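The residues making up each chain are set out below.
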Amino acid sequence: MESEVKMKKVLDNMPILFFSLDENFRPLSWNYECERVLGFSSEEILNDKNFSFKNLIQVKGEGESSGFNPELLNSEFKNWELDLISKEGKLKLVSLSNISSEFPLFGSTNWFVGVDITRTKEIERELTSSLKELSDFQTALNAVSIVAITDRAGTIIYVNQNFCDISGYSRDELLGHNHRIINSGYHPKEFFVDLWKTIAKGKIWKGEIKNKAKDGRYYWVDTTISPILDDNGKPYQYLAIRNDITERKETEEKARHAENNLKILQDRMSPHFLFNTLSIIHSYLQTNPGLADSAILMLADNYRFLMDQANQQLVPFDIEWEFMENYLQLLKLRFSDFLEVESEKLGNFKQCQIPPLTLQPLVENSYIHGLRDRKGKGKISVKASIQDGKTLVTIRDNGKGLSDANIHSRSIANISERLKFYLYDSEVKIENHPEGGAIVTIGFKSAKN
């Protein structure tokens, strides 16, 4: 007797629904978990002779199953999920099992155990909905953006198809590598150092990056890199979302190129430039008519170049070289007592192209910043050659050399940008020469088609 009391006490306090029914589905036993979940106390249920477990089962609409199964009292073990109506009128989803036995327990053979799974099902539905939303978001993102995920070291662990399409690399070629595989060499080292410092602190980085595809083609992407943080708030992965902006960048570059060419054209055709040059030519008409005629032809050729070629994206190297040589000779003509010039071109440049107005502005830059204020005779030397398929041009002066004020000349920066945009493996370098003065070095390979 004492053991039955103890067992009943245990069953009453179990954190699961535990109850028994008679053959008319009237409750004979009702533990505390039944009270907590369904709101009915054992006293009001057990003392109400009209109460039936059927009353707790939700009535379905016409044509639907009521959810009530008369086999509930079957002695064989079965499982159900039933919507039960609580005292407050709320539905509680209960996972119910029949543990009926032919051996009576506390005078009853029809026993049931159940677990309230209402919240569990709600979480499942919320999770399913969230997963669907996430899947829809991922589908939309993959449809329009270039997506990659890296680990904390920058190793690529995921790329979408858009990444493969724009880079030209397969997924297998990208996974396990870092983004150096598409590095164009356009951005300085400091650019990526700043990028990594930002995201390593858990901050979002945004910017525009020029990349290089597998076939050598360059492309621009508007990039947002978002760190994915661990439980300690430290980045352990990085999500990069990019959008192709190559067309916009090319349009901007062409606009800058046209604006720059227009400015140079205006400068060259200014009355001041023309007046000074014609004045020198006029002075030679009496003393050296042949030189004057030659200078007039050079001046006419230069103006013809400015009118016909300056707005082209690329021109044959030989035509650009001739324009530069004409300018060099006209410069010497104006300052013959103070300036010595020389030019040398070694190799076959017939297949070589270059953006127009590249060499002449560099020669002018050497004169203005290097020689104009120099005492004594100055010299400008321009040399071009082809080495291992790469065109090299050097422009050297014996002037005062570089200072912090002119080392980053605007014209040189502009030329560097144009060369990078139109030519493969281009570089523009300016530095002091060991023997005095400054030297500008230009290097590039073939034009981008």
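Our structure's up above, just so we're on the same page.
None of these values were measured; they are calculated from a predicted model.

(A) Highlighting the layout of surface pockets. Within this model, the second largest pocket holds a volume of roughly 420 Å³. Taken together, 20 residues make up the lining of the second largest pocket; nearest its centre are His179, Arg180, Phe192, Leu195 and Trp196. For the lining of the second largest pocket, the leading source of residues is helix α7 (residues 189-200), giving 4 residues.

(B) Inspection of the nonpolar core at higher detail. By size, the foremost hydrophobic cluster in this structure holds 36 residues, and its most contacted members are Phe317, Ile380 and Val382. With 6 residues, helix α11 (residues 317-334) is the single largest residue contributor to this core.

(C) How the structure looks around the packing of aromatic side chains. A full pass over the atoms with the stated rule returns 12 aromatic pairs. With centroids separated by 5.3 Å and ring planes inclined at 75°, the aromatic side chains of Tyr186 and Trp220 adopt a geometry described as edge-to-face. One end of the pair, Tyr186, is in the loop between α6 (171-174) and α7; the other, Trp220, is in strand β9 (residues 218-229), with 34 residues separating them in the sequence. A relative accessible area of 16% means that Tyr186 is categorised as buried. Summarising the aromatic geometry, the rings of Phe317 and Trp321 are spaced 6.0 Å apart at their centres and angled 25° between planes, so their arrangement reads as stacked. Of this pair, Phe317 and Trp321 both sit in helix α11, 4 residues apart, which is roughly one turn of that helix.

(D) Molecular detail of the pattern of salt bridges. What the rule picks out here adds up to 19 salt bridges. The partner of Arg119 in a salt bridge is Glu126, with the nearest N and O atoms 3.5 Å apart. We note a salt bridge from Glu208 to Lys249, for which the minimum N-O separation is 3.0 Å. Pair noted here: Glu208 is in strand β8 (residues 205-212) and Lys249 is in helix α8 (residues 246-268), with a separation of 41 residues, a long-range link. On the basis of relative accessible area, Glu208 is assigned to the partly exposed category, the value being 28%. Under the relative-accessibility criterion, Lys249 is labelled buried at 12%. Three or more residues joined by partner-sharing salt bridges are found here, namely Glu208, Arg248, Lys249 and Glu252.

(E) How the structure looks around the sheet that holds β9. Taken together, the 5 strands give an open sheet; going across it, the order is β7-β6-β10-β9-β8, and neighbouring strands pair in antiparallel fashion. Strand pairing shows two members of the sheet lacking a second neighbour, β7 (156-159) and β8, which therefore form its edges. Ignoring strand direction, the axes of neighbouring strands in this sheet form an average angle of 30°. Inspection of the sheet shows strand β6 (residues 146-151) paired to β7 by 3 bridges, in the antiparallel sense. Directly across from Ala148, in β7, lies its bridge partner Val159. With respect to the sheet, α7 is in contact with β8, β9 and β10 (235-244), its orientation differing from that of β8 by roughly 140°.

Parameters at a glance
- Residues numbered from 1 in each chain as written.
- Predicted model: local features only at pLDDT ≥ 70, side-chain atom pairs only at ≥ 80, totals over all residues.
- Heavy atoms only, no water.
- 1 Å grid on protein atoms, 1.4 Å probe; cavity = no way out; pocket = protein on both sides within 12 Å on 5 of 7 lines; lining within 4 Å.
- Points joined across faces, edges and corners; volume = space filled by probe spheres on them.
- Helix = DSSP H or I, 4+ residues; strand = E, 2+ residues; numbered from the N terminus.
- Core = buried A, V, L, I, M, F, W, Y, C linked by side-chain atoms within 4.5 Å.
- Buried < 20%, exposed > 50% of the residue type's maximum accessible area, 1.4 Å probe, protein only.
- Phe/Tyr/Trp six-rings, centres within 6.5 Å; stacked < 30°, edge-to-face > 60°.
- Salt bridge = Lys/Arg side-chain N within 4 Å of Asp/Glu carboxyl O.
- Pairing = 2+ DSSP bridges.
- Axes fitted to C-alpha atoms, helices over the stretch in contact; angles between N-to-C directions.
- Contact = heavy atoms within 4.5 Å.

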